[in-house]
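Architecture and fold: a report
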Amino acid sequence: MKTPSPRNPLIAVVSAVLILIFLSLMPWGKLSGNFFKDFNILEDICTVKTDIQADGEIVDPELVALLNGPEDDANSSVAETQTHAGEFAENDSCGYESVDEISVVEDIPEEISPRIGDLVVIEDYSTGRPALSRFSNAIRESSSRPVRIAMIGDSYIEGDVFSQNIRENLQSIYGGRGAGYQMMHTDIPGFRQSVSQTDKGWTAHDIRNSSRESCKWLAGEYYSGGSGATSTYKGVKRLQHADAWNRNMFLFIAPKGGTVSITTDSGTQDFAVAASDSVQCIDFVEETTKFSIKNNTGEMTALGVWLSDNTGIVFDCMSLRGNSGITHRKLDEDLARQMSEFVPYDLIIVEYGINALSSSQKDYSKYGKYMEEVVNTLKACYPEADILLMGIGDRGQKSGSEVHSLSTASNMVSTQRAVARRCGIAFWDTREAMGGDDAIVNWRERKLVNADYIHLNHKGGEELARLFVDALKNYLSQ
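Residues numbered from 1 in each chain as written. Predicted model: local features only at pLDDT ≥ 70, side-chain atom pairs only at ≥ 80, totals over all residues. Heavy atoms only, no water.

**Details of the overall build of the chain**
Heads up, the rule is: Secondary structure elements are defined from DSSP: runs of H or I of at least 4 residues count as helices, runs of E of at least 2 residues count as strands, and each element is numbered from the N terminus. Any residue under 20% of the maximum accessible area for its type is buried, any over 50% is exposed, and the rest in between are partly exposed; the area is computed with a 1.4 Å probe on protein chains only. By the convention used here, residues are in contact when the closest approach between their heavy atoms is within 4.5 Å. Here, Shrake-Rupley sampling with a 1.4 Å probe gives the accessible areas, and only protein chains in the shown set may cover a residue.
Within the chain, the regular secondary structure consists of 14 helices and 22 strands. Looking at the chain residue by residue over its 478 residues, the buried ones come to 54%. Look at the contacts in the chain between residues 6 or more apart in sequence, and 76% of them connect residues 24 or more apart. A total of about 20800 Å² of accessible surface is found on the chain, and carbon and sulfur atoms cover 52% of it.

This is how it looks when you write it as structure tokens:
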């Protein structure tokens, strides 16, 4: 009996290569909402300069539409933007005014050096009271009330990376426990290390795509769920102060009313919910390691859960993948006022910019104008909160087999610093704290960032948090 001859190995190899090429050409980021990243198997032998992530984290579509759409009086024209592309990051200390505009801009503080020795400091561009004076006063009261901090951002802080370690460090100094704000639904359970979450029955709504103006709030998402929708959160021991807490809050809108079942370590309680189009809150104090919600009303709009102590630091991580931040120009002021009755913020940290950054764009003047509107909207929605704007972290770009910092990253940082100066708020230069030019290469060699040369891993988040908290402690000690 003859043994069947093997198929031609060349056919198998060619077929495999063709399949890989086909897969590498697929826009995985676009098709999966950026859950999967694009890749290119020819990247290492390509002589053309390409972004490492190849727009795996795409430029925010809303920003693209605004940049390509008709202009309004608040922004410079496309022609002006193109004429001055790349000019202001080098020549204009204000970052994004045109040469003609410089003479009419008044009372903009001078740039502050980001460094004092090895410390990258928080730059204070206030023109009256210190930029973080409200937060400083709140810290002094941390033993008698919760000090609430929100960090809003993109995938740089997704899964509580970086923010979880800021929280851990601040709670070690000023007290407090628990992981703060929680989404009702997560697409990647297990990725977040500061809490264990399971859920079913909730649908997430991105405020960038939602027509419900009344639901546009700080976190950038809200959730709808009918009867039976549940979310469960458990404390964890891998981080300090994350295994237990004593205050549980659930904020929602329930037009039809009904009941909500809450299960904690002590058992299950049913809470009556009135029919109302206003924000409601279930809030109770009890030593807790596990917290579960079950919706027994009709269709409910859930805003989120807060797990914290009733004193010390409450640090809320609010990330929205692919967001440039500009949608926050449209936050609903009335909703913010209603929610602030339950979760009033002392400090809002703004972390955006990566999703407005590209290797070909040198002038970010229009983005800066939109972000100035964002800051002013935050001031209107949260008048009792101080605001701290973070510059982008360093980002890598591959040319052949070498990696260096994206050449336009410094332009973005200049624009972000200009936003802080114009708005009179605090600024922290993340990229400078990482080490400046080519810092991303060093951080990758130290295994602190992912292979995309953009995103921090958990170890890198811990390192960057230490640098940030050092800067914050230095500011508060003055």
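**Considering the nonpolar core**
For the record, the criterion: Only buried residues count toward a nonpolar core, which is a set of Ala, Val, Leu, Ile, Met, Phe, Trp, Tyr and Cys residues joined through side-chain atoms within 4.5 Å.
Residues Trp217, Leu218, Phe250, Trp306 and Met318 are the most contacted members of the largest nonpolar core, which totals 76 residues. Among the nonpolar cores identified, the runner-up in size contains 44 residues, and Val120, Met151, Trp428 and Trp443 belong to it.

**A look at the sheet that holds strand β7 (residues 196-200)**
Sheet strands pair by backbone hydrogen bonding; their relative direction is either parallel or antiparallel. Condition: Any two strands with at least two DSSP-identified bridges between them are counted as paired. Note on geometry: axes are C-alpha line fits, over the in-contact stretch for helices, and angles between N-to-C directions span 0 to 180 degrees.
Reading across the sheet, the five strands line up as β7-β10-β15-β12-β13 and stay open at both edges, with antiparallel pairing between neighbours. Single-partner strands in this sheet number two, and they are β7 and β13 (267-273). Mean inter-strand twist for the sheet, computed between neighbouring axes without regard to direction, equals 15°. Where strand β12 (residues 258-264) lies against β13, seven bridges are found, and the strand directions are antiparallel. Across the sheet, Thr264 pairs through a bridge with Gly267, a residue of β13.

**Looking at the environment of Gln338**
Keep this limit in mind: We call two N or O atoms a polar contact when they sit within 3.5 Å, provided that within protein one can donate a hydrogen and the other can accept it, with sequence-adjacent residues counted only if both atoms are side-chain atoms.
Here Gln338 shows up in helix α9 (residues 333-340). On the accessibility criterion, Gln338 (13% relative accessible area) is buried. The spacing of Gln338 and Ser278 is 60 residues in sequence and 7.6 Å in space, taken between C-alpha atoms. Residues within four places of Gln338 in sequence aside, it is in contact with Ser278 and Val279. There is a polar contact of 2.8 Å between the side chain of Gln338 and the backbone nitrogen of Val279.

**As for the side chain of Ser319**
Considering the arrangement of structural elements, one finds Ser319 in strand β17 (residues 312-319). With relative accessibility at 17%, the residue Ser319 sits in the buried group. When near neighbours in sequence (up to four residues on either side) are disregarded, Ser319 contacts Gly153, Asp154, Ile157, Glu158 and Gly159.

**Describing the environment of Tyr382**
Summarising the element assignment, Tyr382 is placed in the loop between α10 (365-381) and β19 (386-390). Look at Tyr382 and you get buried, because its relative accessible area is 6%. Sequence separation of Tyr382 and Glu333 is 49 residues, and the distance between their C-alpha atoms is 8.4 Å. What Tyr382 contacts, discounting residues up to four positions off in sequence, is Leu218, Ala336, Ser340, Tyr345 and Ile348.

**Some points on the pairing of strand β16 (residues 300-308)**
Among the nine residues that make up β16, nine are buried, leaving the element largely enclosed by the rest of the structure. In this structure, strand β9 (residues 221-225) lies alongside β16, joined through three bridges in antiparallel fashion. Each bridged residue has a counterpart across the sheet, and for Ser224 the counterpart in β16 is Thr301.

**As for the sheet that holds β19**
Taken together, the six strands give an open sheet; going across it, the order is β4-β22-β19-β18-β5-β17, and neighbouring strands pair in mixed fashion. Edge positions in the open sheet fall to β4 (122-124) and β17, since each of these has one partner strand only. In this sheet, neighbouring strand axes are inclined to one another by 20° on average, regardless of whether the strands run parallel or antiparallel. For β4 and strand β22 (residues 426-428), the ladder comprises three bridges, and the chain directions are antiparallel. What sits directly across from Ile122, in β22, is Trp428.

**Overview of helix α7 (residues 133-140)**
Restricting attention to buried positions, one finds in α7 the residues Ser133, Phe135, Ser136, Ala138 and Ile139. The inward-facing, buried residues of α7 contact β5 (146-153), α8 (163-174), β17, β18 (347-351), β19 and α14 (458-476).

**Looking at the confidence of the model for the chain**
For clarity, the cut-off: Across the chain, each position has a pLDDT score giving the predictor's confidence in that residue, from 0 to 100.
Per-chain confidence: the chain averages 86 in pLDDT, with 82% of residues scoring 70 or above. Mean pLDDT across the secondary structure elements of the chain bottoms out at helix α4 (residues 78-83), with 30, and peaks at β18, with 99. Here residues 32-57 is a poorly scored stretch, pLDDT under 50, and it has 63 contacts once near neighbours within four places are set aside; other chains count. Contacts of residues 72-105 to residues separated by more than four positions or lying in other chains number 59 contacts, the stretch itself having pLDDT below 50.

**A word on the packing of α7 against α14**
To be explicit about the condition: Each angle is binned into one of four classes, with values under 35 degrees roughly parallel, values over 145 roughly antiparallel, values of 65 to 115 roughly perpendicular, and all other values oblique.
Across the interface, α7 lies against α14 with an axial gap of 11 Å and an inter-helix angle of 90°. In terms of axis orientation, α7 runs roughly perpendicular to α14. Every residue of α14 that contacts α7 at Phe135, Ser136 and Ile139 is listed here: Leu472, Tyr475 and Leu476.

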